[in-house]
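So the chains spell out like this:
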Amino acid sequence: MFKKAVLTTLGVAISSTMMMSTAQAGEVLDGVKEKGFLQCGVSQGLPGFSNSDENGNWTGLDVDICRAVAAAIFGDATKVKYTPLSAKERFTALQSGEIDILSRNTTWTQTRDTSLGINFAGVTYYDGQGFMVRKDLGVTSALELDGASVCTNQGTTTELNLADYFRANGMDFEPVVFEKADEVVAAYDSGRCDVYTTDASGLAAQRTKLGAPNDHMVLPEIISKEPLGPAVAHGDDQMLDVVAWTINATVEAEEMGLNSSNIAKLKGDASATPAQKRFIGAEGSLGANLGLDEEWALNIVSQVGNYGEIWTRNVQPLELPRGLNTLWTKGGIMYAPPVR
């Protein structure tokens, strides 16, 4: 039995079990620091999010989140190694310690957050599931897909949303599922199914891989909420904090008008605001709170950029509207707790 002794600090009751949990935090982050790089789980190829070129260079929004975490920990965004994972493999890889962080277009759900031994650190992309069809199918709405064969990825929220949508609308469908995303795309492109369904961002990305992209269209319906973001394993609150506040720092920097071109100029600038000074580590101890260097946020933004820069570099080429991912100050819902 645990002792029921309670300490009170700043009006908050802290039990001995909470203290034990805090004492155990830090193992993953310590291991990352010791080996000298971050092992990041990414997709097997999704343009705009995590995709490698013929030389093995990885790019994308999810990749930039990995780079930003490395910049925060090491002051060097290049200290990342990537593990491409299928949807089916991704959670096991994180649970087993094969990877330190999963940054792979993964939806934050209650079941995943509570029963898989993982913690989501935040939302980096607000998405929703859609449908793509060939234009010559003559369909203009998902409600016209009764009896269609539908290609999708195995082991995803997409499968469940698909079944729910067709059932709710009294329609039948034939599922055609594959483990790897490229297998789904190839099957759809070859005509093995009538419809391809995944997150709307994924449809835009995978459409670029089709033999004749202009022959295909995305239907107007968005049938789900898909908040995508990185996750870490349960049991290391410090690593969770580092990833969460890395995300927050990219958003906060955009709100403050700080970017990769101007942030370094704040060092030694007497006109910098108190908030800016805290952000770049000139005042306060925000880095120490995370177990990091005081210039952790400066390193993130100077080497990787703010959220807007990350979006523009990776997602804008897919011709997707920023939509919900616009800052809350400009009509979207992208919002970060204050970095202070």
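Just above sits the structure.
My aim in this report is to walk through the structure given alongside it, one point at a time. Bear in mind the structure is a predicted one, so any value in this text is a computation, not a measurement.

**Structural notes on the packing of aromatic side chains**
Thought 1: Considering all chains together, one arrives at 10 aromatic pairs under this definition.
Thought 2: Seen from their ring centres, Tyr125 and Trp311 are 5.6 Å apart, and the 10° between their planes marks the pair as stacked. One end of the pair, Tyr125, is in strand β9 (residues 125-127); the other, Trp311, is in helix α13 (residues 307-314), and 186 residues separate them in sequence. Comparing Tyr125 with Trp311 shows no difference in burial state: the two are buried.
Thought 3: With centroids separated by 4.8 Å and ring planes inclined at 45°, the aromatic side chains of Phe166 and Phe173 adopt a geometry described as tilted.
Thought 4: The partly exposed category is assigned to Phe173, whose relative accessible area is 25%.
Thought 5: Ring pairing ties together the aromatic residues Phe131, Tyr165, Phe166 and Phe173, which thus form one cluster.

**Some points on the layout of surface pockets**
Using a probe with the size of a water molecule, rolled over the atoms, empty space left in the structure can be pinpointed.
Thought 1: Its volume calculated, the largest pocket comes out at about 270 Å³.
Thought 2: For the largest pocket, the lining is made up of 13 residues, of which Ala204, Arg207, Val218, Leu318 and Leu320 are closest to its centre.
Thought 3: Sort the elements by how many residues they give to the lining of the largest pocket and helix α8 (residues 200-207) lands first, with four residues.
Thought 4: Here the residues of the lining of the largest pocket are counted per class, giving nine nonpolar, two polar and two charged.
Thought 5: The computed volume of the second largest pocket comes to approximately 190 Å³.
Thought 6: Residue lining of the second largest pocket: 14 residues in total, with Tyr125, Tyr126, Asp127, Pro321 and Asn325 positioned closest to the centre.
Thought 7: When the residues that make up the lining of the second largest pocket are grouped by side-chain class, the tally is eight nonpolar, four polar and two charged.

**So, helix α12 (residues 296-303)**
Thought 1: Within α12, six of the eight residues are buried, which leaves the element mostly enclosed by the surrounding structure.
Thought 2: Here α12 has its buried residues at Trp296, Ala297, Leu298, Asn299, Ile300 and Val301.
Thought 3: Among the structural elements, α3 (61-74), α9 (237-256), α10 (274-280) and α11 (286-290) are those in contact with the buried residues of α12.
Thought 4: Just downstream of α12, Gly305 is the residue with a positive phi angle, here 110°.

**With respect to the sheet that holds strand β11 (residues 148-153)**
Thought 1: Strand order in this open sheet of five strands is β12-β11-β13-β10-β14, and the pairing throughout is mixed. The outermost strands of the open sheet, each flanked by one partner alone, are β12 (173-178) and β14 (216-218). The sheet shows a mean angle of 30° between the axes of neighbouring strands, taken without regard to direction.
Thought 2: Bridge count for strand β10 (residues 129-134) against β14 is three bridges, and the pairing is antiparallel. Following the sheet pairing, Met132 is matched in β14 by Val218.
Thought 3: Sheet contacts for helix α7 (residues 181-189): β10, β11, β12, β13 (195-199) and β14; angle to β11, the most-contacted strand, approximately 155°.
Thought 4: Sheet strands touched by α8: β10, β13 and β14. Its angle to β13, the strand with the most contacts, is close to 125°.

**A short note on empty space enclosed by the protein**
Thought 1: Enumeration over the complete set of coordinates arrives at one cavity of 30 Å³ or more.
Thought 2: What lines the largest cavity is a set of 25 residues, among which Arg104, Asn105, Asn153, Thr156 and Thr198 lie closest to the centre.
Thought 3: Contributing elements (two or more residues each) for the lining of the largest cavity: β11, α6 (157-168), β13 and α8.
Thought 4: When residues in the lining of the largest cavity are grouped by element, the largest group, four residues, is from β13.
Thought 5: Each residue belonging to the lining of the largest cavity can be placed in one class, and the counts come to five nonpolar, 16 polar and four charged.

**Some thoughts on unusual backbone geometry**
Thought 1: Despite not being glycine, Asn105 shows a phi value in the positive range, around 25°.
Thought 2: Turning to its location among the elements, Asn105 is positioned in the loop between β7 (101-102) and α5 (110-115).
Thought 3: If you check the backbone angles, Glu319 has positive phi at about 65° while not being a glycine.
Thought 4: Topologically, Glu319 is positioned in the segment after α13.

**Brief notes about the state of the cysteines**
Thought 1: One pass over the full model with this rule turns up two disulfides.
Thought 2: Between Cys40 and Cys66 runs a disulfide, and the two sulfur atoms are separated by 1.9 Å. Pair noted here: Cys40 is in strand β3 (residues 38-42) and Cys66 is in helix α3, with a separation of 26 residues, a long-range link.
Thought 3: For Cys40, a relative accessible area of 0% gives the class buried.
Thought 4: In this structure Cys66 comes out as buried when scored by relative accessible area, which is 0%.

About the thresholds
Residues numbered from 1 in each chain as written. Predicted model: local features only at pLDDT ≥ 70, side-chain atom pairs only at ≥ 80, totals over all residues. Heavy atoms only, no water. Phe/Tyr/Trp six-rings, centres within 6.5 Å; stacked < 30°, edge-to-face > 60°. Helix = DSSP H or I, 4+ residues; strand = E, 2+ residues; numbered from the N terminus. Buried < 20%, exposed > 50% of the residue type's maximum accessible area, 1.4 Å probe, protein only. 1 Å grid on protein atoms, 1.4 Å probe; cavity = no way out; pocket = protein on both sides within 12 Å on 5 of 7 lines; lining within 4 Å. Points joined across faces, edges and corners; volume = space filled by probe spheres on them. Nonpolar A, V, L, I, M, F, W, Y, C, P; charged D, E, K, R; others polar. Contact = heavy atoms within 4.5 Å. Pairing = 2+ DSSP bridges. Axes fitted to C-alpha atoms, helices over the stretch in contact; angles between N-to-C directions. Disulfide = S-S within 2.5 Å.

Scope: geometric values only; no functional claims are made or implied.
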